[in-house]
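Per-entry structural report
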Amino acid sequence: MWLGGPLRMRKDKTDYDAIIIGSGFSGLYALHHLRDKLKLNVRVYDSAGGVGGTWWYNRYPGARVDAPSSPFYAYTFSQELVDDWTWKETQTPQASVLAYLEHFAQRFDLTKDIQFKTWVTDARYDEQTQSWTIETDQGETASAQFLICAVGALFVANRPDYPGIDDFAGECYHTGRWPHDKVSFAGKRVGVIGTGSSGIQSIPEIAKEAEHVTVFQRTPQYSLPARNRALSEEELKRSRADWDDLRQSMLHRGGWPHKTIRRSAQDYTPEERHAIYESLWEEGGIHLSINSFSAVLIDKDLNDEVSEFVRGKIRQIVRDPETAEKLLPDYHFATKRLILDNGYFETYNRGNVSLVDLRDDPIKSFSATAVQTQQGEHPIDMLVLATGFDAVTGSMLNLNPKGRDGLSLQEKWADRFENYLGATIAGFPNLFMIHGPGSPGVLYTMPLGGERTANWIAESIAHLRANNLGAIEATDEAASMWDEEINAAAAQTLYPLTDSWYMGANIPGKPRQFLAHLRGSKYFERLSQVADQDYEGFVLESAK
Ligand code: N01
């Protein structure tokens, strides 16, 4: 393994050593690490007008981190950065995450190497030069030995194609492409389609201002109270003082410093279990899922019990029994991305919010002024599409790189999203993904996951450079083995039984396969092992 020292540059052969696509959490960190630690010549391209990725685009009202949050939803590698940033709330709002990323970019002088408002329209591998050439919508061409795709797991907006939707004449916004200017809901009848994280975060905020909100719900959701609160100065001071230890805990647990309670449901009476659910509900956040009982995502009966507990809470919160009934989820608890809300179910107690259950009353069409469902017409002035993303694979397929022999990724992934380690693809040498399919991605703390993956990519690049190697490429055998491993792990759980974007089931026609590695810490151990075992599963080619 490479142990430091100057790396041989390849300016003779390529414009850059590495091209990174995307300047969200992962792309920014990869730029900093490759440029400032490895001393590589790096260029970043991003279609957005500034840094931030997801946090640049998703500006809808109520957008917040929906995982255990501050101060841990952040970069972990720099004590100075930890010391000079003050997080204010436990569930950080979008504007604060974006401000943090802008601060990071400025502090490490990153923006000078990022080209914004630039869409990469093509990326091709050349076997002779062992490098990638990209083209952009600005008419430029650039080459680099390594192509690092930090293109975002939740980027390609999913837009429903209901008949007549384009005829709707009012304002129409997708939560994942929210305008930068303030959107006013005052005096408007707003229709919201979608009740995932984005819908559930935005609906309470929209309802505070709008004349009326009609929610069009296809699948009722389990949503847990976020219990957002201010972070005290004392908490921040302690986390800064203990950062090294906290970071070690994050690295060895599921990306969070908190201990996950491991206990067996059989050791408790139903009454004791219920008391545990109550206290975890009160605690808020994802504790009901991670700290109730170890087998909650494996054991159907146990999962049913927790599901019923949450349904009971919804019945208690929502005053109108008919509306409450429509809001009761019936899939296995936590097998879709868990949602943390700030008063979502309570919003249905307002006089200006109504719910249409699309399972009973599906949308037929749109007109210039209304949504027509089977049972009636819903006049609206504004349409909010909280309909999610072609998750995990969509942005790679959009980029559609062409690998060895000109094979495109769209061809390669026509039936299955084959990859090795969630970071590489056979037939696409020197291409790395961050948060690709088969990586822990959204099931891990994403900033930390991005950091760790970028570190591994950097080590791999350093290994190639130090050993006069020109290319690294996963083998088909390694990719098949990885595919089996990911799916075997998922098959032991209840995840595959639910139609979710983890399974690719939210996009019509998308191959159905579990898209995430379930055990983040083990995954990163595995990356290190692969490197230590001379890049097992890869072919390393001499430099030409
Ligand atoms: O998208 P989703 P999201 N007709 O796919 C419905 C992350 N995130 O943007 O469940 C009618 O979860 C769809 O219905 P169904 C987070 O990881 C992070 O809300 O497929 N409805 C569902 O209700 C999250 O999981 C933050 O039946 C249609 C909704 O639209 C991920 O992003 C904040 C439809 C889509 O829910 C995606 O969340 C927000 C149709 N044709 C989100 N098509 C952070 O804080 C879809 N739906 C970091």
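Going by the structure above, here's the rest.
Let me begin by describing the structure that accompanies this report. (Residues numbered from 1 in each chain as written. Predicted model: local features only at pLDDT ≥ 70, side-chain atom pairs only at ≥ 80, totals over all residues. Heavy atoms only, no water.)

This part covers the overall build of the chain. Counting its secondary structure elements, the chain contains 17 helices and 19 strands. Taking 24 Å as the expected radius of gyration for a compact globule of 544 residues, we find that the chain reaches 24 Å, a close match to that expectation. Overall size of the chain, expressed as C-alpha extent along the three principal axes, is 70 × 60 × 45 Å. The proportion of buried residues among the 544 residues of the chain is 60%. Long-range contacts, defined here as pairs at least 24 residues apart, represent 74% of the contacts in the chain between residues at least 6 apart. In the structure as shown, the chain presents an accessible area of about 22100 Å², 47% of it carried by carbon and sulfur atoms. Computing the positive centroid from 56 side-chain charges and the negative centroid from 74, the chain places the two 3 Å apart. (Helix = DSSP H or I, 4+ residues; strand = E, 2+ residues; numbered from the N terminus. Rg over C-alpha atoms; globule rule 2.2 N^0.38 Å. Buried < 20%, exposed > 50% of the residue type's maximum accessible area, 1.4 Å probe, protein only. Contact = heavy atoms within 4.5 Å. Areas by Shrake-Rupley, 256 points an atom, 1.4 Å probe, with all protein chains shown as cover. Lys, Arg positive; Asp, Glu negative; His and termini not counted. Charge placed at Lys NZ, Arg CZ, Asp CG, Glu CD.)

The next thing to look at is the packing of aromatic side chains. This structure, assessed with the given rule, holds 46 aromatic pairs. Between F72 and W243, the aromatic rings sit 6.0 Å apart at their centres with planes inclined by 10°, giving stacked as the arrangement. Of this pair, F72 sits in the loop between α2 (54–57) and α3 (79–84) while W243 sits in helix α7 (residues 243–252), placing them 171 residues apart in sequence. Considered together, F72 and W243 belong to a single accessibility category, that of buried residues. One residue, R263, lies across the ring of Y268, its end atom 5.9 Å from the ring centre. (Phe/Tyr/Trp six-rings, centres within 6.5 Å; stacked < 30°, edge-to-face > 60°. Lys NZ or Arg CZ within 6 Å of the ring centre and 35° of its normal.)

Note that D122 resides in strand β4 (residues 120–126). The exposure class of D122 is buried, given its relative accessible area of 11%. Among the polar contacts made by the side chain of D122, one reaches the side chain of R124 at a distance of 2.7 Å. Within the structure, the side chain of D122 is placed 2.9 Å from the side chain of K402, a separation counted as a polar contact. (Polar contact = N/O pair within 3.5 Å; in protein donor to acceptor, adjacent residues only side chain to side chain.)

Attention now moves to the nonpolar core. L34, F333 and W456 are the most contacted members of the largest nonpolar core, which has 126 residues in total. Per-element accounting of this core gives the leading share, eight residues, to helix α15 (residues 446–466). Not counting the four nearest positions on each side in its chain, W456 is found in contact with L421, A423, F432, L527, S528, A531, Y535 and F538. I19, L147, M396 and L409 belong to the second-largest nonpolar core, a separate cluster that totals 28 residues. (Core = buried A, V, L, I, M, F, W, Y, C linked by side-chain atoms within 4.5 Å.)

A word on a positive patch on the surface. Taken together, the side chains of R253, K259, R262 and R519 present a region of like positive charge at the surface. Position of K259 relative to the elements: it lies in the loop between α7 and α8 (270–283). (Patch = residues over 30% accessible without salt bridge, like charges linked within 9 Å, V, L, I, M, F, W, Y side chains within 5 Å. Salt bridge = Lys/Arg side-chain N within 4 Å of Asp/Glu carboxyl O.)

For the rest of this paragraph, the subject is the sheet that holds strand β7 (residues 171–174). With parallel pairing, five strands are arranged side by side in an open sheet as β7-β16-β8-β9-β12. Edge positions in the sheet fall to β7 and β12 (353–357), since each of these pairs with one other strand and no more. Shown here is a sheet whose adjacent strand axes are inclined to one another by a mean of 15°, direction ignored. Inspection of the sheet shows strand β8 (residues 189–193) paired to strand β9 (residues 212–217) by five bridges, in the parallel sense. Note that in β9 the partner of R189 across the bridge is H212. (Pairing = 2+ DSSP bridges. Axes fitted to C-alpha atoms, helices over the stretch in contact; angles between N-to-C directions.)

Across the interface, helix α1 (residues 25–37) lies against α15 with an axial gap of 9 Å and an inter-helix angle of 35°. For the pair α1 and α15, the crossing hand works out as right-handed. Contacts from F25, S26, Y29, A30, H33 and L34 of α1 reach α15 at P447, G450, E451, A454, N455, A458 and I461. A class-by-class count of the residues in the contact of α1 with α15 yields eight nonpolar, four polar and one charged. (Left-handed = near helix turned anticlockwise from the far one by under 90°. Nonpolar A, V, L, I, M, F, W, Y, C, P; charged D, E, K, R; others polar.)

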